[in-house]
Amino acid sequence: MQRTYSLKKNAQFKYVYRRGTSGGSHELVLLYVRSGALKVGFSVGKKLGCAVRRNRVKRRLRAACAPLLPRMKKGLYVFIARQPAAEADFDRLCRTVYNLLRKQNLLLPEPPEHTATRKAGGLT
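Reference entry: report on the structure contained in this document. (Residues numbered from 1 in each chain as written. Predicted model: local features only at pLDDT ≥ 70, side-chain atom pairs only at ≥ 80, totals over all residues. Heavy atoms only, no water.)

**What about the packing of helix α2 (residues 51-65) against helix α4 (residues 90-103)?**
Argument step 1. Two elements in contact, α2 and α4, have axes whose closest approach is 9 Å; the angle formed by their N-to-C orientations is 55 degrees. The angle between the axes of α2 and α4 places the two elements in the oblique class. Here α2 runs over α4; the crossing is right-handed. Counting all contacts with α2, which are made through R60, L61, A63, A64 and C65, the residues of α4 involved are F90, L93, C94 and V97.
Argument step 2. When the residues that make up the contact of α2 with α4 are grouped by side-chain class, the tally is eight nonpolar, no polar and one charged. (Axes fitted to C-alpha atoms, helices over the stretch in contact; angles between N-to-C directions. Helix = DSSP H or I, 4+ residues; strand = E, 2+ residues; numbered from the N terminus. Parallel < 35°, antiparallel > 145°, perpendicular 65-115°, else oblique. Left-handed = near helix turned anticlockwise from the far one by under 90°. Contact = heavy atoms within 4.5 Å. Nonpolar A, V, L, I, M, F, W, Y, C, P; charged D, E, K, R; others polar.)

**Thoughts on the pairing of strand β4 (residues 75-81)**
Argument step 1. Counted residue by residue, β4 has six buried out of seven residues, so it is predominantly covered.
Argument step 2. In this sheet, β4 lies alongside strand β2 (residues 28-34) in antiparallel orientation, the contact comprising seven bridges. Looking across to β4, one finds that L31 is bridged to V78. (Buried < 20%, exposed > 50% of the residue type's maximum accessible area, 1.4 Å probe, protein only. Pairing = 2+ DSSP bridges.)

Here it is, written out as structure tokens:
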């Protein structure tokens, strides 16, 4: 995930915590506030374990979120990891991130793919 998409300032996190709408799952909680720019932040508390474990969860969440960035609506997002996120495998985290975004209607529609029709002579 590019650094231009990341929430960095504590004030930004506090703003999302205070004003954001939330949705949750077993592994994650998603907070969202509409904004003119797309920014994503990740919060992993000390209850999840030592620094190595917390950083691993953050890296996996960033990687799970990266392919969805072009489809996400503009706004400020904060993903808060719960205890089961530390034990969940990467595919499970990817599905959870996608389902949270879909459940809160925060994904833009997928652009239709250009389908080439085949004729007897080849592609046209």
